[in-house]
Amino acid sequence: MKKLILKSILYTFLILITLEGFVRIFHLGKDTPTRFLDEHKVEKWKPNQNGFSVTGNRRQNFSEYHINNSGFNSYREFNPTKEKTEIALVGDSFIEGFHQNYYNSIGKKIEKSIPKIEVYEYGYAGYDFADQLHLIYVYEEQFSLIDHIILGIKFSNDLNRNEYHVVNSRLALESPMNKLLKKSKLLVYAKSIGILDPPQELVYRLINSIKPKTKKKPIDEIEVSRIKEENEKKHLANFENLISKYGYDKQRFTLLLDSRITSDLFLSYLDLNNFNYIDFASSFEASDRPVTLIYDRHWNNHGRELIARLISEYINKKQRL
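From a predicted model like this one, the values you see are computed outputs, not experimental measurements.

(A) Here's a closer look at empty space enclosed by the protein. Under the definition given, this model contains one cavity of 30 Å³ or more. Volume-wise, the largest cavity comes out at about 50 Å³. When its residues are assigned to classes, the lining of the largest cavity shows three nonpolar, four polar and three charged.

What follows is the structure, given as structure tokens:
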């Protein structure tokens, strides 16, 4: 019996080592760059990191990233001057672009359309509107030299707060324990394809079974409509508070949004108060090809081409005025 247990432990260890090597050789596990909080309380990636972002259990998406000196995924360094014409793209993972090679980003596509222009991509997964305005506010000296600033915004989840504060839950991913676990590419791969989900769900169910159960009252359509209206008003109020606190230059700032998932209340407010925005809804709807990836809602290469084209057309129009 003792010999059987020892052999089982040995074989299990050898199998895990083999699988670890297999994942590393075929690069199935993603390289996650290291996060940090800079001196201005801005969360970003540690500068000068390189790696590969992998999605899916069969490398459905495999792309290279490069974190520049400023802490963002980009093919170029950010060096705005009064003499050059620059565009800043500020936003979350859609702007960050880990789903595409960094040298084929939205910014690169825009530069191909507009000669003698530089595009700076300030994208970071999880950034909401408060993160974006805080970034521009604390780096005002740098952003004041940039001619056009495009801010990606999703009304439903980017306006949940009315001022900036550090999101400690994301930084907690850089704890010593998480860093140690990430050294195993097999563990990273297993988590990314959902192998570890069932055990986690079992733990959650056990915890919930211990807690006293409370009956949830059914919500009728009138109540749902009321809650939705209240949330929209709250989000709009948060938008107003944020631009009041951190500033908003209507001449240089432009919102990038999808009107299909944006409140009519918010769109009316933007129109009434002369906020510039680029709406990519009709462009995406008119496309005869998919604009997002198969396994999530991030833009694929075609979607990014459409976004880059819309921004390029918008900038060209602004420059002619």
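That covers the picture; the talk isn't over yet.
(B) Focus on the packing of helix 10 (residues 221-246) against helix 11 (residues 264-272). Between helix 10 and helix 11, whose axes approach to 9 Å, the crossing angle comes to 35°. In this structure, helix 10 uses E232, K233, L236, F239, E240 and I243 to contact helix 11, whose residues at the interface are L265, F266, Y269 and L270.

(C) Region of interest: the pattern of salt bridges. Under the definition given, this model contains 14 salt bridges. In this structure, R35 engages E43 in a salt bridge whose closest nitrogen and oxygen atoms are separated by 3.7 Å. For R35, a relative accessible area of 14% puts it in the buried group. A salt bridge links K84 to E118, with the nearest nitrogen and oxygen atoms 3.1 Å apart.

(D) Broad picture of helix 3 (residues 106-113). Buried residues of helix 3: I106, G107, K109, I110 and E111, and no others. Summarising the contacts, the buried residues of helix 3 are in contact with strand 5 (86-91), helix 2 (93-96), strand 6 (118-123) and helix 13 (301-320).

(E) The environment of L270, seen in detail. Inspection of the secondary structure puts L270 in helix 11. The class for L270 is buried, based on a relative accessible area of 0%. For the pair L270 and L255, spaced 15 residues apart in the sequence, the C-alpha separation amounts to 9.7 Å. Once you skip the residues sitting within four places of it in the chain, L270 turns out to touch F239, L255, L257, F275 and Y277.

(F) Spatial organisation of the sheet that holds strand 6. Taken together, the five strands give an open sheet; going across it, the order is 6-5-7-8-9, and neighbouring strands pair in parallel fashion. Looking at the sheet topology across the chains shown, the edges are occupied by strand 6 and strand 9 (277-279). On average, adjacent strands in this sheet sit at an angle of 20° to one another, irrespective of strand direction. Sheet analysis places strand 7 (residues 148-152) next to strand 8 (residues 253-257), joined by four bridges and oriented parallel. Looking at the pairing, I150 lines up with T254 of strand 8. Its contacts with the sheet place helix 4 (residues 129-138) against strand 5, strand 6, strand 7 and strand 8, and it is angled at close to 155° to strand 7.

Cut-offs applied
- Residues numbered from 1 in each chain as written.
- Predicted model: local features only at pLDDT ≥ 70, side-chain atom pairs only at ≥ 80, totals over all residues.
- Heavy atoms only, no water.
- 1 Å grid on protein atoms, 1.4 Å probe; cavity = no way out; pocket = protein on both sides within 12 Å on 5 of 7 lines; lining within 4 Å.
- Points joined across faces, edges and corners; volume = space filled by probe spheres on them.
- Nonpolar A, V, L, I, M, F, W, Y, C, P; charged D, E, K, R; others polar.
- Axes fitted to C-alpha atoms, helices over the stretch in contact; angles between N-to-C directions.
- Helix = DSSP H or I, 4+ residues; strand = E, 2+ residues; numbered from the N terminus.
- Contact = heavy atoms within 4.5 Å.
- Salt bridge = Lys/Arg side-chain N within 4 Å of Asp/Glu carboxyl O.
- Buried < 20%, exposed > 50% of the residue type's maximum accessible area, 1.4 Å probe, protein only.
- Pairing = 2+ DSSP bridges.

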